[in-house]
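Per-entry structural report
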Amino acid sequence: MNMESFLKVALILSSAIAQDISFTPPNVPLRKEIVYQTSNEWIFNLLIAYGFPTLKAIYWVGSFAEIATIVYRTSHFKSLSAVQAIAQYAVGLSIRNTPITIPFVVGTAFAVIGCLIRRQCYRTLGRFFTFQLSVREGHHIVTTGPYAIVRHPSYTSGLMQAIGILILHGSPDSWLRHSGVLDIPGVKTFAVTWLAGIILLMINCLSRVSEEDEMLKTTFEDEWEKWAKVVRYRLIPGIY
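A brief report on the enclosed structure follows. (Residues numbered from 1 in each chain as written. Predicted model: local features only at pLDDT ≥ 70, side-chain atom pairs only at ≥ 80, totals over all residues. Heavy atoms only, no water.)

A few points about empty space enclosed by the protein
Across all of its chains, the model carries two cavities of 30 Å³ or more by this definition. The calculated volume of the largest cavity comes to roughly 570 Å³. F129, T130, S154, Y155 and E212 are the residues nearest the centre of the largest cavity, which is lined by 38 residues in total. When residues in the lining of the largest cavity are grouped by element, the largest group, nine residues, is from helix α7 (residues 187–220). Within the lining of the largest cavity, the residues separate by chemical class into 23 nonpolar, 11 polar and four charged. Roughly 110 Å³ of volume is contained in the second largest cavity. What lines the second largest cavity is a set of 17 residues, and nearest its centre among them are E66, F104, L168, H169 and W175. Listed by contribution, the elements that provide at least two residues to the lining of the second largest cavity are α1 (3–22), α2 (39–73) and α5 (153–170). The element best represented in the lining of the second largest cavity is α2, accounting for four residues. (1 Å grid on protein atoms, 1.4 Å probe; cavity = no way out; pocket = protein on both sides within 12 Å on 5 of 7 lines; lining within 4 Å. Points joined across faces, edges and corners; volume = space filled by probe spheres on them. Helix = DSSP H or I, 4+ residues; strand = E, 2+ residues; numbered from the N terminus. Nonpolar A, V, L, I, M, F, W, Y, C, P; charged D, E, K, R; others polar.)

Okay, structure coming up:
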């Protein structure tokens, strides 16, 4: 493989690892610690249990498929084994690699930066960070790190990642749309399922911000009020 191919493989793996980290709960609360408030929260818990593992699996499969295409396309046909030659004939020559584009770089950057912010949220909250709305033993309002900038930085990072992934795979020149892989039976169904899951997650997160604020306000009262006066914005400093 040439240098561009190596770079593209590294970027593909970085976005896949970022998604895997962000969709893996750092802590699991006890049943008695979980706070159920609305139907939106019930939907989110279904996403945690079934949607997140599915989204991760689909993303890894897609990433390895693109990497395999890069390896295949940058190899000399004469060096292919019999098994590889059969696979080439079965898949067909329509599946092609795509070059590194600006949307590819921008989308990957959003995904990775979002993951780094989310990892910092994990470290800052420690055992208090759970995917479910929960109040754990010894729980208190954390006002340091990303939580000194906005009240819900983990949602900010999640939305950054979702936007990045949509740019990365949804742009007209992306591998998913331009390589011909969507012509393989069943692939388009998986792609639509993944896209629907990401959109549902984004909508759910936006709704969940208000629910989490209300839960924290009800639970911690004055402590939350003092924090909210200092950290006024929920997701984006100076905007929302």
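Describing the side chain of E41
By the secondary structure assignment, E41 is in helix α2. Every residue in contact with E41, bar those within four places of it in the chain, is listed here: V35, Q132, L133, R208 and E211. (Contact = heavy atoms within 4.5 Å.)

Considering the environment of L30
Position of L30 relative to the elements: it lies in the loop between α1 and α2. Considered as a pair, L30 and I43 are 13 residues apart in the sequence and their alpha carbons are 19 Å apart.

A word on the layout of surface pockets
What the largest pocket holds in volume is close to 420 Å³. Considering the residues around the largest pocket, the lining is formed by 16 residues, among which I58, V61, G62, L176 and V187 are closest to the centre. Contributing elements (two or more residues each) for the lining of the largest pocket: α2, α6 (175–178) and α7. When residues in the lining of the largest pocket are grouped by element, the largest group, eight residues, is from α2. Across the lining of the largest pocket, the residue classes break down as 12 nonpolar, three polar and one charged.

With respect to the environment of P26
Its location among the elements puts P26 in the loop between α1 and α2. On the basis of relative accessible area, P26 is assigned to the partly exposed category, the value being 34%. Remark: the alpha-carbon pair of P26 and F129, spanning 103 residues in sequence, is separated by 7.0 Å. Residues within four places of P26 in sequence aside, it is in contact with Y122, F129 and F131. (Buried < 20%, exposed > 50% of the residue type's maximum accessible area, 1.4 Å probe, protein only.)

Notes on α5
The terminal C-alpha atoms of α5 lie 25 Å apart, and with 18 residues this matches the ideal 26 Å at 1.5 Å per residue to within 8%. Within α5, burial applies to P153, S154, Y155, T156, S157, L159, Q161, A162, G164, I165, L168 and H169. (Expected span 1.5 Å × (residues − 1).)

Structural measurements only, silent on function.
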